[in-house]
Amino acid sequence: MHKSKRGGLENNLSNPFLHGVFLTKNQDQEQDKSSKEKKIMESDEMQNFIKVWLAVIISLCHCYAIRNIIPIGIKRLLFVLPVVCLFLYLPINIFSPHLGGTTAFFIAWLANFKLLLFAFGKGPLSADPSISLPLFVAVSCLPIKIHKNPPPKTPLNHQNKENPPPKPYQNGQTKETPSRKPREGPLNYAIKGILVAILVRVYDYSDYIHPKIIIVLYAFHVYFLLELTLAISAALARTMLGIELEPQFNEPYLSTSLQDFWGKRWNLMVTRILHPTVYEPTRNFCARVIGREWATLPAVFGTFVVSAVMHELMFYYLGRVRPTWDITTFFLLHGFCLTAEIALKKMIKDKWQLPGLLSGILTVGFVMTTAFWLFFPKFMECRIDVRAFEEYAALGAWVRNASESALRIWQGDRPA
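The residue numbers shown here count from 1 along each chain, following its written sequence. Residue-level local features of this predicted model are given only where pLDDT is at least 70; pairs of side-chain atoms are given and counted only at 80 or more, and the full residue set underlies all totals for whole chains, interfaces and linings. Note: side-chain values were computed over all heavy atoms of the structure, leaving out hydrogens and water.

1. Concerning the overall build of the protein
Stated precisely, the cut-off is as follows: Helix and strand assignments follow DSSP, with helices taken as H or I runs no shorter than four residues and strands as E runs no shorter than two, numbered in order from the N terminus. Each residue gets one of three labels from its accessible area relative to the maximum for its type: buried under 20%, exposed over 50%, partly exposed in between, using a 1.4 Å probe on protein chains only. Throughout, a residue-residue contact means that at least one pair of heavy atoms, one from each residue, lies within 4.5 Å. Method for areas: the Shrake-Rupley scheme with a 1.4 Å probe, in which residue coverage is limited to the protein chains shown.
The helix and strand inventory of the protein stands at 15 helices and 0 strands. Expressed as a percentage of the 416 residues in the protein, the buried residues total 37%. Taking all contacts inside the protein whose residues are at least 6 apart in sequence as the whole, residues at least 24 apart take part in 75%. As displayed, the protein offers around 25600 Å² of accessible surface, 66% of which is attributable to carbon and sulfur atoms.

2. Observations regarding the packing of aromatic side chains
Keep this limit in mind: For Phe, Tyr and Trp, rings pair up if their centres lie within 6.5 Å, where Trp contributes its six-membered ring, and each pair is then called stacked (planes under 30 degrees apart), edge-to-face (over 60) or tilted (otherwise). Here, a charge over a ring means that NZ of Lys or CZ of Arg falls within 6 Å of the ring centre while also lying within 35 degrees of the ring normal.
The final tally for this structure, using the stated rule, is 20 aromatic pairs. Relative to Trp266, the ring of Phe249 has its centre 4.8 Å away and its plane inclined at 70°; by these criteria the two rings are edge-to-face. On the criterion of sequence distance, the pair formed by Phe249 in the loop between helix 8 (211–241) and helix 9 (258–265) and Trp266 in the loop between helix 9 and helix 10 (268–290) is long-range, its members being 17 residues apart. In this arrangement the basic side chain of Arg76 is found over the ring face of Phe118, its NZ or CZ atom lying 4.6 Å from the centre.

3. Focus: the packing of helix 9 against helix 12 (residues 326–348)
In plain terms, the rule: To obtain an axis, a line is fitted to C-alpha atoms, over the contacting stretch when the element is a helix, and the angle between two such axes runs from 0 to 180 degrees between their N-to-C directions. Convention used here: angles under 35 degrees read as roughly parallel, angles over 145 as roughly antiparallel, angles from 65 to 115 as roughly perpendicular, and any remaining angle as oblique. All residues other than Ala, Val, Leu, Ile, Met, Phe, Trp, Tyr, Cys, Pro, Asp, Glu, Lys and Arg, Gly among them, are scored as polar; the first ten of these are nonpolar and the last four charged.
Look at helix 9 against helix 12: their axes get within 9 Å of each other, and the N-to-C directions meet at 110°. With respect to each other, helix 9 and helix 12 are oriented roughly perpendicular. Here Leu258, Gln259 and Trp262 of helix 9 come into contact with helix 12, specifically with Phe330, Phe331, His334, Cys337, Leu338, Glu341, Ile342 and Lys345. Across the contact of helix 9 with helix 12, the residue classes break down as 7 nonpolar, 2 polar and 2 charged.

4. Quick word on the nonpolar core
Under the convention used in this document: Side-chain atoms within 4.5 Å are what join buried Ala, Val, Leu, Ile, Met, Phe, Trp, Tyr and Cys residues into a set we call a nonpolar core.
Of all hydrophobic cores here, the largest spans 57 residues; its most connected members are Phe87, Ile107, Trp109 and Leu115. For this core, the secondary-structure elements that each account for two or more residues are helix 2 (16–66), helix 3 (74–89), helix 4 (97–119), helix 6 (133–141), helix 7 (186–202), helix 8, helix 10 and helix 11 (292–319). Here this core takes 13 residues from helix 4, the largest share from any one element. Membership of the second largest hydrophobic core comes to 28 residues, among which are Val222, Phe330, Ala371 and Phe375.

5. Observations regarding the environment of Val52
Secondary-structure assignment places Val52 in helix 2. With sequence-adjacent residues up to four places away left out, Val52 is seen in contact with Leu90, Asn93, Ile94, Thr103 and Ile107.

6. So, the side chain of His311
With respect to the helices and strands, His311 occurs in helix 11. With near-sequence residues (within four places) excluded, His311 lies in contact with Trp109, Ile327, Phe331 and Phe375.

7. Re helix 3
Working note: α-helix, 3.6 residues per turn, so residues spaced by three or four point in the same direction. The criterion, for reference: One less than the residue count of a helix, multiplied by 1.5 Å, gives the span that helix is expected to have. Note on bend: the value at a residue is the angle between axes fitted to the seven residues ending there and to the seven starting there.
The end-to-end C-alpha separation of helix 3 is 23 Å, in line with the 22 Å expected for 16 residues at 1.5 Å each. By the largest-angle criterion, Val80 marks the main kink of helix 3, which is about 35°, and a proline, Pro82, follows within four residues. For helix 3, the set of buried residues is Arg76, Leu77, Val80, Val83, Val84 and Phe87.

8. Side note on the confidence of the model for the protein
Which entries qualify depends on this criterion: Per-residue confidence from the prediction method is given by pLDDT, with values spanning 0 to 100.
On average, residues of the protein score 78 in pLDDT, and 75% of them are at 70 or above. Per-element averaging of pLDDT across the protein places helix 1 (residues 2–14) at the bottom with 48 and helix 3 at the top with 96. Confidence drops under pLDDT 50 across residues 1–6; counting only partners more than four residues distant or on other chains, this segment forms 0 contacts. Below a pLDDT of 50 lies the segment residues 149–183, which in the model reaches 40 contacts outside its immediate sequence neighbourhood of four places, other chains included.

9. Focus on a nonpolar patch on the surface
Defined as follows: Like charges within 9 Å and nonpolar side chains (Val, Leu, Ile, Met, Phe, Trp, Tyr) within 5 Å are joined into patches, using only residues over 30% in relative accessible area that form no salt bridge. A pairing counts as a salt bridge when a side-chain nitrogen of Lys or Arg comes within 4 Å of a carboxyl oxygen of Asp or Glu.
A cluster of nonpolar side chains, contributed by Ile72, Ile74, Leu78, Phe79, Leu81, Leu116 and Phe120, occupies part of the molecular surface with about 650 Å² of accessible area. Looking at the nonpolar patch element by element, the count peaks at 4 residues for helix 3. Tracing the chain through its elements places Ile72 in the loop between helix 2 and helix 3.

10. Here's the deal with the pattern of salt bridges
Tallied over the full model, the rule gives 2 salt bridges. For Asp260, the salt bridge identified is with Arg265, shortest N-O distance 2.9 Å. On the basis of relative accessible area, Asp260 is assigned to the buried category, the value being 7%. Residue Lys345 is joined to Glu341 by a salt bridge in which the shortest nitrogen-to-oxygen separation is 3.2 Å. In this pair, Lys345 and Glu341 are both assigned in helix 12, 4 residues apart and thus about one turn of the helix distant.

11. Looking at the environment of Lys346
Turning to its location among the elements, Lys346 is positioned in helix 12. Judged by its relative accessible area of 21%, Lys346 falls in the partly exposed class. In this structure, the C-alpha to C-alpha distance between Lys346 and Glu293, residues 53 residues apart in sequence, is 8.8 Å. Excluding anything up to four places from it in sequence, Lys346 contacts Glu293, Trp294 and Thr296.

Written out as structure tokens, the structure is:
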């Protein structure tokens, strides 16, 4: 009797229709299990994100507390170094490319470099002795630079021409006139947000698009996303703290030289933080050996070496894969070419230069070509694109569910 039941069950399983039913049930169970695991991972990720930033705020409160107690120099550095090491460790706890990438950039790079300057009484954290705690925390870990209020305007005949008012800049440096005033505004950012949304939809058809075109789309995606992320950070700081902030990009596609691109147009906050932490000390040291005029060359190349190391670290946080040193090669190549460009300018001393249109095409072409060759393929190697699209899909589903729930509640509250 038992044997006949077993035989009947085997016969039923051999039936293609019933076999398909069993397979469908198993697939549904596996999908439900994977969706539950994904929800658990997402909740854990948000918890880790909150814990990391709580640790960041507490650590910065410690740094704020010691600023009037511990003297500037080695003693303060000893109190700051544990925070620097903690900030290097914290991003490892976040695997999300959006949450983890921005957190790593804000604390492992910007905050750490600013804290090292703070230990020696330099940088934006030491510029104002009366800085408040919220402003200290915001300036420490956000990619912002506070605009100082300009002096009141006076009539032309009352200006002191012999001693004009100084133009304040970070650490007393002379602020360079930008190549062109940025034209960023709400409409500009709205257009870029729409373009990011369009790119996300285009990626659904990536199987039908040539891989090289996908890399081109990644290039624009990264640029738009960086600018939007930094703009949102600046807007939050402006709303919460009431401070005016400098833009982080200045139309990099209009660059006329590598010096113009890296120094005045692309990711200006990184340029400002690398200048006092790497460029100035290297230039001052080399000036004793080769003179101040030519000391800028090793200083520029040394700055790109440090930038290469930090970018490798950022990609490790994003992908958790062993570095292939393509990113390092990219920045060392640009550092060498920029050093050669500066040396050539010093030798010819503006006696001859390329037309602006031609130099712009060559500059942007060189940056894009080397980026497609060495920089952007790293995103695909780390599967950052796939994970980012999964987050976009999860965000879209959350917004859709939230809007449907709000609509049901609104309809339920309406009188019959």
